[in-house]
Amino acid sequence: MNTIKLMVNGIPGNIATNLIQHVQKDIRFDLIGYSLTGPEIVETEYRLDDLPICLIQPHLRDELIPEILKKEGCFISIDFTHPSAVNANAEFYRKWKLPFVMGTTGGDRRHLEDTVIGSDIPAVIAPNMAKQIVAFQAMMEYAARSFPDLFRGYTLQVKESHQKGKADTSGTAKAVVASFQKLGIDFSENQIIKERDPEIQKSVWGVPEDYLKGHAWHTYTVVSEDNTVKFEFTHNINGRDVYARGILDAAEYLHHKVQRGERGKVFTMMDVLKKI
């Protein structure tokens, strides 16, 4: 079986650097030695064992990508950069016909999808790459479709905690809130309680110290008007390994779509789970 070439963008960010270690151990993939990075990164190289990875700043990528394509041939780009770069990166992938997996949250998501639709490339776009969390979101979406207004009159509290470096509100929390809205609860995204202070995370939330720099804790609490009924949904993730496993499955899925000639189509992690 031929290996699938991957370009992981966002190094030296935490998720990207965690991911490349998984790529190196997975016989399905071959990591190429380049990574798009942000304008604030001063380093020009990141070394993974014996593999030097060239870090490419935004002003150099159009100049360097033709040579990379000539050298490497076809590859899948995996994006874990910064929310502010989401849409510009997608335009770059479209311009150079680079199929991509977008794991970065934030940006204009409608514009992001429109960038792919009608282009020469397919993409997997999802706010969360952890397959088990995606399945939980699907269950919530099913409930919202099947039982609209089930929780009308109830109140909702949403709390999410991520590492200090995460700039935006959790995309998973936003997606689950959308389901609760369809279930009849009056709640807006700006009411989500977002915690990024490591001291509070450790002392109040109980996040293990080893995972303060990499975790995703969410709790959704639903209470009836008279306070006699309470539902609580919690999913806590420590570390980043669960995302890496989902990302690589998404990359393999996208590779097969490219091989079949798919163009201009956006796939989700639900598509990856269903393997359709």
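Structure's up top.
Residues numbered from 1 in each chain as written. Predicted model: local features only at pLDDT ≥ 70, side-chain atom pairs only at ≥ 80, totals over all residues. Heavy atoms only, no water.

Engineer: When you look at the overall build of the protein in this model, what are you seeing that I'm missing?
Structural biologist: Across its full length, the protein holds nine helices and 13 strands. Radius of gyration (C-alpha) of the protein: 20 Å, near the 19 Å computed for a compact globule of 276 residues. C-alpha extents for the protein along the principal axes are approximately 65 × 40 × 35 Å. When burial is assessed residue by residue, the protein has 50% of its 276 residues classed as buried. By sequence separation, contacts in the protein at least 24 residues apart represent 65% of the contacts at least 6 residues apart. Of the roughly 14100 Å² that the protein leaves accessible, carbon and sulfur atoms contribute 49%. (Helix = DSSP H or I, 4+ residues; strand = E, 2+ residues; numbered from the N terminus. Rg over C-alpha atoms; globule rule 2.2 N^0.38 Å. Buried < 20%, exposed > 50% of the residue type's maximum accessible area, 1.4 Å probe, protein only. Contact = heavy atoms within 4.5 Å. Areas by Shrake-Rupley, 256 points an atom, 1.4 Å probe, with all protein chains shown as cover.)

Engineer: Would you mind showing me how to read a nonpolar patch on the surface here?
Structural biologist: On the surface, Y142, F147 and L150 cluster together into a nonpolar patch covering about 330 Å² of accessible area. Within the secondary structure, Y142 sits in helix α5 (residues 131–146). (Patch = residues over 30% accessible without salt bridge, like charges linked within 9 Å, V, L, I, M, F, W, Y side chains within 5 Å. Salt bridge = Lys/Arg side-chain N within 4 Å of Asp/Glu carboxyl O.)

Engineer: Sorry if this is basic, but what is going on with the layout of surface pockets here?
Structural biologist: It is the rolling of a water-molecule-sized probe over the atoms that shows where space remains empty. Estimated volume of the largest pocket: approximately 960 Å³. Lining the largest pocket are 45 residues, and of these I15, F80, T81, H82 and P83 sit closest to its centre. For the lining of the largest pocket, the secondary structure elements donating two or more residues are α1 (14–25), α2 (58–72), α3 (86–95), α6 (171–182) and β11 (215–223). Of the residues in the lining of the largest pocket, the class split is 17 nonpolar, 23 polar and five charged. Considering the residues around the second largest pocket, the lining is formed by 25 residues, among which R109, A126, P127, G171 and A175 are closest to the centre. Among the secondary structure elements, those contributing two or more residues to the lining of the second largest pocket are α4 (109–116), α5, α6 and α9 (269–274). When the residues that make up the lining of the second largest pocket are grouped by side-chain class, the tally is 10 nonpolar, nine polar and six charged. (1 Å grid on protein atoms, 1.4 Å probe; cavity = no way out; pocket = protein on both sides within 12 Å on 5 of 7 lines; lining within 4 Å. Points joined across faces, edges and corners; volume = space filled by probe spheres on them. Nonpolar A, V, L, I, M, F, W, Y, C, P; charged D, E, K, R; others polar.)

Engineer: Looking at this structure, how should I read the pairing of strand β12 (residues 230–238)?
Structural biologist: It is a general feature of regular strands that their side chains alternate between the two faces of the sheet. With nine bridges joining them, β11 and β12 adopt antiparallel strand pairing. Note that in β12 the partner of H218 across the bridge is H235. (Pairing = 2+ DSSP bridges.)

Engineer: Explanation requested: the pattern of salt bridges in the structure shown.
Structural biologist: Side chains carrying opposite charge are able to pair once their charged atoms draw close together. This model, assessed by the stated rule, comprises 13 salt bridges. For R263, the salt bridge is made with D120, and the minimal N-O distance between the two is 4.0 Å. Taken together, the residues span a long stretch of sequence, with R263 in the loop between α8 (241–259) and β13 (266–267) and D120 in the loop between α4 and β8 (123–125) at a distance of 143 residues. With relative accessibility at 58%, the residue R263 sits in the exposed group. Relative accessible area serves as the criterion here: at 38%, D120 is assigned to the partly exposed category. Residues joined in a network through salt bridges with shared partners are D26, R28, K131, D249 and E252.

Engineer: Would you explain the environment of P127 in this entry?
Structural biologist: With respect to the helices and strands, the residue P127 is situated in the loop between β8 and α5. Sequence-wise, P127 and H59 are 68 residues apart; in three dimensions their C-alpha atoms are separated by 27 Å.

Engineer: Before we go on, may I ask you to explain the nonpolar core in this structure?
Structural biologist: Soluble, globular proteins show a tendency: their nonpolar side chains are buried together. If you look at the biggest cluster of nonpolar residues, it comprises 38 residues, and the most contacted ones within it are L6, L19, I78, V101, V124 and M269. For this core, the elements supplying multiple residues, two or more each, are β1 (4–9), α1, β2 (29–31), β5 (51–56), β6 (76–79), α5, α8 and α9. Top contributing element to this core by residue count: α8, with nine residues. For V124, the contacting residues outside a window of four places in its chain are F100, V101, M102, A250, Y253, L254, F267, T268, M269 and V272. Counting 21 residues, the second-largest nonpolar core is a separate cluster that includes Y34, F75, L112 and V266. (Core = buried A, V, L, I, M, F, W, Y, C linked by side-chain atoms within 4.5 Å.)

Engineer: Whenever I open this one, the environment of I193 confuses me. Can you help?
Structural biologist: Mapped onto the elements, I193 comes out in strand β10 (residues 193–195). The spatial distance from the C-alpha of I193 to the C-alpha of D249 is 31 Å, given a sequence separation of 56 residues. Those residues in contact with I193, other than ones at most four positions away along the chain, are Q157, V158, K159 and E160.

Engineer: Which parts of the structure should I look at to understand α5?
Structural biologist: One turn of an α-helix holds 3.6 residues; hence residues three or four places apart share an orientation. For α5, which comprises 16 residues, the first-to-last C-alpha distance of 22 Å matches the rise-based estimate of 22 Å (1.5 Å per residue) to within 8%. For α5, every residue scored as buried is listed here: I133, V134, F136, Q137, A138, M140, A143 and A144. In this structure, the buried side of α5 is in contact with α6, β11, β12 and α9. (Expected span 1.5 Å × (residues − 1).)

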